[in-house]
Amino acid sequence: MARIYENPAIDVDSDGGSDVECNRVEQTVQKTVEQVLRDGLSRTGCCTPLDMPPEFSEGPRAYAGPQRSRFAEVGNDPHHLTGLQQSPSMENGGFDLDLKALSGLLNRLDQSVSNTALDDALGRGTGPLGNLARKLADVFGSSSVRYAPHGTSLANVALVLALNSLTRKRLKLAVDRSCHKSLVAGLALINAEIVWIERDVSPVCDVPMPLTAKHFRALLEAHNDLHAVFVTSPTYEGFSSDDPAAIAEVFRASDTRLIVDSAWGVYGGLFSNTEFPNSTAPFASASVFSAHKKGVGLSGASFVTFNDAALCAAYEKFCDLGFVSTSPNFINYLVLEHCTDFWISPMGHACADRLARESRNFRMRLAEIDGVQVVAASDLGKGVADDPSHVLIDISDTKRSGRQVADYLARRHAMDIEMVIAEKILFLFGPAHISTWPNIVRALQDALTNLEPETGPREVVAPSPIADDWRGMHDAIMTPTRQVLPTHAVGCVAAFPISAYPPGRPLIHPGERFSKEIVDYLIAIEAEGARLIGVKGALNEFGFTVTDESS
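Not measured: the values here are computed from a predicted model. (Residues numbered from 1 in each chain as written. Predicted model: local features only at pLDDT ≥ 70, side-chain atom pairs only at ≥ 80, totals over all residues. Heavy atoms only, no water.)

Side note on the overall build of the protein chain
Reasoning step 1: Within the protein chain, the regular secondary structure consists of 18 helices and 20 strands.
Reasoning step 2: Burial status across the protein chain gives 58% buried among its 551 residues.
Reasoning step 3: Across the protein chain, every contact between residues at least 6 apart in sequence was considered, and the portion connecting residues at least 24 apart equals 73%. (Helix = DSSP H or I, 4+ residues; strand = E, 2+ residues; numbered from the N terminus. Buried < 20%, exposed > 50% of the residue type's maximum accessible area, 1.4 Å probe, protein only. Contact = heavy atoms within 4.5 Å.)

Here it is in C-alpha cells:
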C-alpha cells in the first residue's frame, strides 16, 4: 500500500547525491513525528516539552522499524528539500527550520501538473492520501473520512452549507449553545431556524453537563421537525455520555441527523477497549475531529467521519468550491499518517494504557493536596464519562484563585496551564507527562504554599444566556455594524458571538441583545485577566460590535 512519504511522483535521481538527500528527508520525517509524540498533546497545559518514557521514546521507529523514505528530492535543487534539522545548539531534540527548503518543498507538493500522483486532498483518491482516509475510517468505525486540511473551523462551515443543500426548506436545527464560533458562521450564512440547546450545569461542581440519550429523546419529542442536531462532545473539560450506544438508538429511530463537534475526542476513536470514552464516529451522521488538539498531528490536522453518503457528497461539493484550501499543507498529512500508525500499533495502545494509568495516579496525588478537589465524572452524576487526558481540579477551598496559581506556575516553573477560571484549573495530560507528572504536583504544592490567600469577592458568576432573538443570526451578521462602549451597550444587538477564554463558551450570540448582567460580567472577567473572544480589543477602548439599527 502506498504511503504518503513514499510518493512515487517525487523520486530520487540516479546521481550520487540522491541517497544523501533522501536521508535528509527521512530524518526530517522521523524527527518531526518524534517531536510531536514527545510533546504529547500539542497544548499540554502542564509543562514545557519533555521526553516520553524510555520504552516509548523511539516513536515510529520502534513500532515500524527504520523505513527509507521516498518523500524525497524535488528537482535538482537541494534547497527544495524540507529543512527541519536537528540543531547541535538545542537540547532535547530541538530543530532549526530552513524556511527556504520547507517553502520549496511545499510549493511542489501540490495537486498540480508537476505532481499528478499526489491524490485528492479530501481523501477520495486511490493513492497515499486516500489510503490514510480509509485507514482512519476503519479505525474510527465510520463509513468514510474526509480531510479538513485547514482545521475544523472551515469543516463546520462546509458541513452546515452541505446540510442546507440537501433540502429545499428552511432548515430547523437544534444547536448546542456552547458550539464553536465557526458553526455560528455557517448558521448565519444559511439563515436557519435555531433551537438552542442549553446544557444543565452541575450544582455540585459548577461544570456543564454532557448531553445524554435522555436529553436527545426529550429534544426530538419537543421538536419533531428538526433537520439536524449539532452538539459538542466531549466538552472542553473532557466529559461526555458514558453510553453513546443509547444516543445512537435515539437517532436511529428518527429522521434527524446528528452532527458532532468532537474536536477534543480523537483519542476516543483511536483507542478501543481502553479507559478513553467511546467516540460518536460509528453512528453520528458526521463527526469533526481536531487531531492536533491531542498531539496526533500538527496544527490544522483535522478530518470528518461520515455515516451519511448524501451529506458526505454535499460536503465534498462545498470543499471543492473552495471551503478548504486547494493547496493544503502536505506535511500535515504526513505527520497525521505517522502518528496514527503509532497510536493504533500495539506500542501505541500500550502507551495509551500507561497514559490512563498514570493519569489516575496524577489525580490521586492532586486530591491529597489540602483544599484541592479533583472533578471526576462520578461527581457529575450517573451517565457521565471522563477523558484521562483532561484533569480538572477545583481549588476554591485553598482560598487562592486559578489565575494566581497559573501566573505563579508560569513565572516560577515555566508551566503553561491550559485553562483557568476563578476557582478551577484544567490540565491536559499527554504522553510527555507519563513520567513527569510528579513535577506538576510539586509545583502546584509550591504555588499553594507560597501564594497569599485572596480576600474579598472572588468569583464572578456567569449570567444565564438571554436568547432575545432580534432579527435572527443571519440579519445580525449581514447588517452594517458599529462599535459601542460598555456604558452604552445594554439593549444593543450583538453582531458577533462573544465568549470569554477561558472557558470559551459563548455568552451572547449574534441577534441577541446585551443585558446589563452580561455587560457587567464581561467587564468583570476582563478585569480578572480573561481573554474575550469576539471583541476587537480592550472593552474601554473598542467596546462591542453591534448592529447599526439606524442603517
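Side note on the side chain of Ser389
Reasoning step 1: Relative to the assigned elements, Ser389 resides in the loop between β12 (384-386) and β13 (390-394).
Reasoning step 2: Ser389 gets classed as buried once you look at its relative accessible area, which sits at 0%.
Reasoning step 3: A polar contact is formed between the side chain of Ser389 and the side chain of Lys294, at a distance of 3.1 Å. (Polar contact = N/O pair within 3.5 Å; in protein donor to acceptor, adjacent residues only side chain to side chain.)

Some thoughts on the sheet that holds strand β15 (residues 424-428)
Reasoning step 1: Judged by pairing direction, the sheet is antiparallel, and its four strands sit side by side in the order β11-β13-β15-β14 without closing on themselves. Two strands lie at the open edges of the sheet, namely β11 (373-375) and β14 (419-420), each paired on one side alone.
Reasoning step 2: In this sheet, β13 lies alongside β11 in antiparallel orientation, the contact comprising three bridges. Counterpart to Val374 in the pairing with β13 is Ile393.
Reasoning step 3: Where helix α12 (residues 346-367) meets the sheet, its contacts fall on β11, β13 and β15, and the angle it forms with β13 comes to roughly 10 degrees. (Pairing = 2+ DSSP bridges. Axes fitted to C-alpha atoms, helices over the stretch in contact; angles between N-to-C directions.)

What about the packing of helix α5 (residues 152-164) against helix α6 (residues 181-190)?
Think of two packed helices as two axes; the pair is described by the angle between the axes and how far apart they sit.
Reasoning step 1: Close contact between α5 and α6 brings their axes to 8 Å; oriented N to C, the two are set at 30 degrees. Considering the angle they form, α5 stands roughly parallel to α6. Crossing of α5 against α6: the hand is right-handed. Of the residues in α6, those in contact with Thr152, Ser153, Asn156, Val157, Val160, Leu161 and Asn164 of α5 are Ser182, Leu183, Ala185, Gly186, Leu187, Leu189 and Ile190. (Parallel < 35°, antiparallel > 145°, perpendicular 65-115°, else oblique. Left-handed = near helix turned anticlockwise from the far one by under 90°.)

Structural notes on a nonpolar patch on the surface
Reasoning step 1: Taken together, the side chains of Leu189, Ile477 and Met478 present a nonpolar region at the surface, about 250 Å² in accessible area.
Reasoning step 2: As for its position among the elements, Met478 is in helix α16 (residues 473-478).
Reasoning step 3: Judged by relative accessible area, Met478 falls into the partly exposed class, the value being 47%. (Patch = residues over 30% accessible without salt bridge, like charges linked within 9 Å, V, L, I, M, F, W, Y side chains within 5 Å. Areas by Shrake-Rupley, 256 points an atom, 1.4 Å probe, with all protein chains shown as cover. Salt bridge = Lys/Arg side-chain N within 4 Å of Asp/Glu carboxyl O.)

Observations regarding helix α15 (residues 437-450)
Reasoning step 1: Its 14 residues place the ends of α15 20 Å apart at the C-alpha level, agreeing with the 20 Å of an ideal helix rising 1.5 Å per residue.
Reasoning step 2: For α15, every residue scored as buried is listed here: Trp437, Pro438, Ile440, Val441, Ala443, Leu444, Ala447 and Leu448.
Reasoning step 3: Elements in contact with the buried residues of α15: α12, β13, α14 (402-413) and β15. (Expected span 1.5 Å × (residues − 1).)

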